[in-house]
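In case you want the letters, here they are:
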Amino acid sequence: MKIEIIFRKWITPSSPTPPHLQSLKISSFDQHGQSHYVPSFYFYPANEEECGVINNAEKSLRLQKSLSEEDIRVMKPLIECNDKGAEYLEAQVAGSLSQLLSDEELETQLQNHFVPPLFDPINSPPLVVQFNRFECGGVAIGVSMTHKMVDAFSAFGFITAWATACRIGIHKASPPSFELGSIFPPRDSFRIENWERKATATNKIVTKRFVFDAVAISNLKAAVSASARNNSSELPKQQITRVKVVAALIWRSCIRVSQAVHGRMRPSIVKFPINLRGKTNLPIPENSCGNFAGWSAPHFMPNDEGEVKIHELVSRIHDGIEQTLSNYAKASSSDEFFIMVMNDFRKLDEALKQTEQQDVYLFSCWCRFPMYEADFGWGKPTLVSRGVQAHKEMILLFDTKDGNGIDAWVSLEEKNMLLFTQDPDLLAFTT
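Residues numbered from 1 in each chain as written. Predicted model: local features only at pLDDT ≥ 70, side-chain atom pairs only at ≥ 80, totals over all residues. Heavy atoms only, no water.

Novice: Is there a simple way to explain the packing of aromatic side chains in this structure?
Specialist: Aromatic ring pairs are described here by two measures, namely the spacing of the ring centres and the angle between the planes. Scanning the entire structure with this criterion turns up 23 aromatic pairs. Here the aromatic rings of Phe272 and Phe363 are separated by 5.6 Å at their centres, their planes lie at 40°, and the arrangement is tilted. Of this pair, Phe272 sits in strand S7 (residues 268-275) while Phe363 sits in strand S10 (residues 359-365), placing them 91 residues apart in sequence. Overall, the relative accessible area of 5% leaves Phe272 in the buried class. Each residue in the set Phe29, Phe184, Phe292, Tyr328, Phe337 and Phe338 is aromatic and connected to the rest through ring pairs, giving one cluster. We note Lys271 situated over the ring of Trp295; from NZ or CZ to the ring centre the distance is 4.5 Å. (Phe/Tyr/Trp six-rings, centres within 6.5 Å; stacked < 30°, edge-to-face > 60°. Helix = DSSP H or I, 4+ residues; strand = E, 2+ residues; numbered from the N terminus. Buried < 20%, exposed > 50% of the residue type's maximum accessible area, 1.4 Å probe, protein only. Lys NZ or Arg CZ within 6 Å of the ring centre and 35° of its normal.)

Novice: Explain unusual backbone geometry to me, please; I cannot follow it from the model alone.
Specialist: Glycine aside, residues mostly have negative phi angles, and peptide bonds mostly take the trans form. In this model, Ser232 sits at a positive phi of 55°, which is unusual for a non-glycine residue. Within the secondary structure, Ser232 sits in the loop between helix H9 (214-230) and helix H10 (242-262). Positive phi values are uncommon outside glycine, yet Arg368 reaches one of about 70°. Mapped onto the elements, Arg368 comes out in the loop between S10 and strand S11 (383-385). With relative accessibility at 63%, the residue Arg368 sits in the exposed group.

Novice: It is not clear to me how the pairing of strand S4 (residues 127-134) should be interpreted in this structure. Could you clarify?
Specialist: The element S4 is largely enclosed, with a buried count of 7 among its 8 residues. Relative to strand S5 (residues 139-146), S4 runs antiparallel, the two being bridged by 7 bridges. In the strand pairing of S5, Leu127 is matched with Met145. In this structure, the hairpin formed by S4 and S5 is closed by a connection of 4 residues, where Gly137 is found at a positive phi of approximately 105°. (Pairing = 2+ DSSP bridges.)

Novice: Looking at this structure, I do not really get the sheet that holds strand S3 (residues 86-93). What am I missing?
Specialist: Across a sheet, paired strands are connected by hydrogen bonds in the backbone, their directions being either parallel or antiparallel. As summarised here, the arrangement of the 6 strands in space is S1-S3-S4-S5-S2-S11, forming an open sheet in which the pairing is mixed. The sheet is open, and its two edges are formed by strand S1 (3-11) and S11, each paired on a single side. Sheet twist, expressed as the average angle between the axes of neighbouring strands with direction ignored, equals 15°. Direction of pairing for strand S2 (residues 37-44) relative to S11: antiparallel, over a ladder of 3 bridges. The partner of Tyr42 across the bridge, within S11, is Val384. Helix H7 (residues 152-168) rests against S2, S4 and S5 of the sheet, and its axis sits at about 135° to S5. (Axes fitted to C-alpha atoms, helices over the stretch in contact; angles between N-to-C directions. Contact = heavy atoms within 4.5 Å.)

Novice: Would you explain H10 in this entry?
Specialist: Note that an α-helix has 3.6 residues per turn; residues three or four places apart therefore point the same way. The end-to-end C-alpha distance of H10 is 30 Å, a good match for the 30 Å that 21 residues give at a rise of 1.5 Å each. With respect to burial, H10 is a largely interior element, 16 of its 21 residues being buried. Positioned one or two residues after H10, Gly263 has a phi angle of 80°, which is positive. (Expected span 1.5 Å × (residues − 1).)

Novice: What's the story with the environment of His299 in this structure? I'm lost.
Specialist: Within the fold, His299 resides in strand S9 (residues 299-300). Residue class for His299 comes out partly exposed when judged on its relative accessible area of 39%. In contact with His299, other than residues within four places in its own chain, are Trp251, Ser268, Ile269 and Arg316. A polar atom in the side chain of His299 sits 2.9 Å from the backbone oxygen of Ala297. (Polar contact = N/O pair within 3.5 Å; in protein donor to acceptor, adjacent residues only side chain to side chain.)

Novice: Sorry if this is basic, but what is going on with the packing of H9 against H10 here?
Specialist: It is at 10 Å that the axes of H9 and H10 come closest, and there the two elements cross at 75°. With respect to their mutual orientation, H9 and H10 come out roughly perpendicular. Facing H9, whose interface residues are Ile217, Leu220, Lys221 and Val224, H10 presents Arg242, Val245, Val246 and Leu249. Looking at side-chain class alone, the contact of H9 with H10 contains 6 nonpolar, no polar and 2 charged residues. (Parallel < 35°, antiparallel > 145°, perpendicular 65-115°, else oblique. Nonpolar A, V, L, I, M, F, W, Y, C, P; charged D, E, K, R; others polar.)

Novice: Would you explain the side chain of Lys59 in this entry?
Specialist: Note that Lys59 resides in helix H3 (residues 56-70). By relative accessible area, Lys59 is classed as buried at 2%. When near neighbours in sequence (up to four residues on either side) are disregarded, Lys59 contacts Ile54, Phe131 and Trp378.

Novice: Looking at this structure, I do not really get the nonpolar core. What am I missing?
Specialist: Ranked by size, the top nonpolar core spans 60 residues in total, and within it Ile250, Phe337, Leu397 and Phe420 carry the most contacts. At 11 residues, H10 tops the list of elements feeding residues into this core. Among all residues touching Ile250, those that are not within four sequence positions of it are Phe363, Ile395, Leu397, Ala408, Val410 and Phe420. If you look at the next biggest cluster of nonpolar residues, it comprises 57 residues, including Leu63, Tyr88, Trp162 and Tyr372. (Core = buried A, V, L, I, M, F, W, Y, C linked by side-chain atoms within 4.5 Å.)

Right, dumping it as C-alpha cells:
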C-alpha cells in the first residue's frame, strides 16, 4: 500500500499571538519529560451520505482553517511562540481503508507512515498533522506532538478542542489551562533519564493487537473474583476494574513467556502510568496542559508454588497505584510534591535498569481519554491507534469504540511474541 505526499505547508495563526502568550514557561515536569514525539491516528471510513455533503478536499480545507484558529494558541504558548505554526501534510494512499484495518495490515509498520517521523523536539515543530486520503473515500488523520510539552491527557484535550472548532466553531472549543509552568517552574537541580527497553540490532520488535470486548472483560472479572475466592481471599469491587484485570492478564502471560525462555520464573516489575490531575491536594486545574503524570511500579516475586495467580497481580497493580497516590497526597506544597515525584522517578529508573535479575514491562494506558470524540464534522472515528512500536517493548491500552472494551497493542521481541500469542488464558479472552 503506497503512500504519496501530495503537498505540505505551514499552518500559521489566523491572528498574531498576543504578547502575554509568546513566552509562557514550561513546567518542571515538561522540563524532565521524554524527548520524543507521540503519534496518534484517527480512521474515518467513507460514507455515502457524508460524501454527498463534505468531500475530502473540503475536509482538508476545514482542518487547515480550524487548525490555524485553534492549534497555535493551544500548542505554541507552551514554548517561545514565534507564530511559525504547525506543519500540515496531505497524502494519497493507494488502497482502501478496509484493507488497512484488517489485522494483518494494521499490525505492520504501514500506519506509521500516516504522519512523518520526528526525532528532534528542539528544531522540529511541536505539532505535525497529516491528512491521508484513501481511494475508497475514507481518510486517516495522523497527529504527532512532542512529549516534552504534552502528555496523553493534554494531547487528547487538544485534539478534542480542535475537532470541536472544526465542527461547530472556535467559540465552542474549551481552552486548556497553562498554569503548570507557574505552579512548577523549571529547575536545574533534577536530572533523570527515562529508562526504556529498546530493541537491539538482532532482536526484532513485533506488535500484535488483542481486543477484549465487554463480554470477555465481564468473564475475566468473574475469573479474577473466582481466583481470589479459591484462595480464601476477596477483592473489593473497586479493585476489579477492566484496566486492572486486562493489565494483570497480560502481565501474567509475559511472566509465563519469561519462564519458558529462561527456564525459571523471574521477578518482574510493571511500570504503570498515573494521570495526577485531580489526585493531589494542591490547587491544580484539572484541564492543565502539559506533562503531569506519575508512575506506579508494582513488583512480582515468584513463590515456591511456581504459580502466578491473577487475582494477586490485580491486587498488586491496585495497591501500587493507591500507595503512590496516598504518598503524593501528603505533599503540602508544589515544591514538596515535585521532589516526591522526582525521587520516585529516580528510584524507579534505578530498579528498571536491573534487567539481568528481573523482567520489566512498560504499560501506557489511554483508557477513558476522549479519543473517539474526535468528530471534525464527518462523524467519529471508527478506530484510533498510536502506531506500531518499532524500537522498544511496550503494552498500550486503549478503549474500544463503544467504551466498554479494551484494545491492547502489545510490542515484544519476535521470539517472545510467538510464545505470548500461544498463552491459552490470553486466547480465551481476546479476539
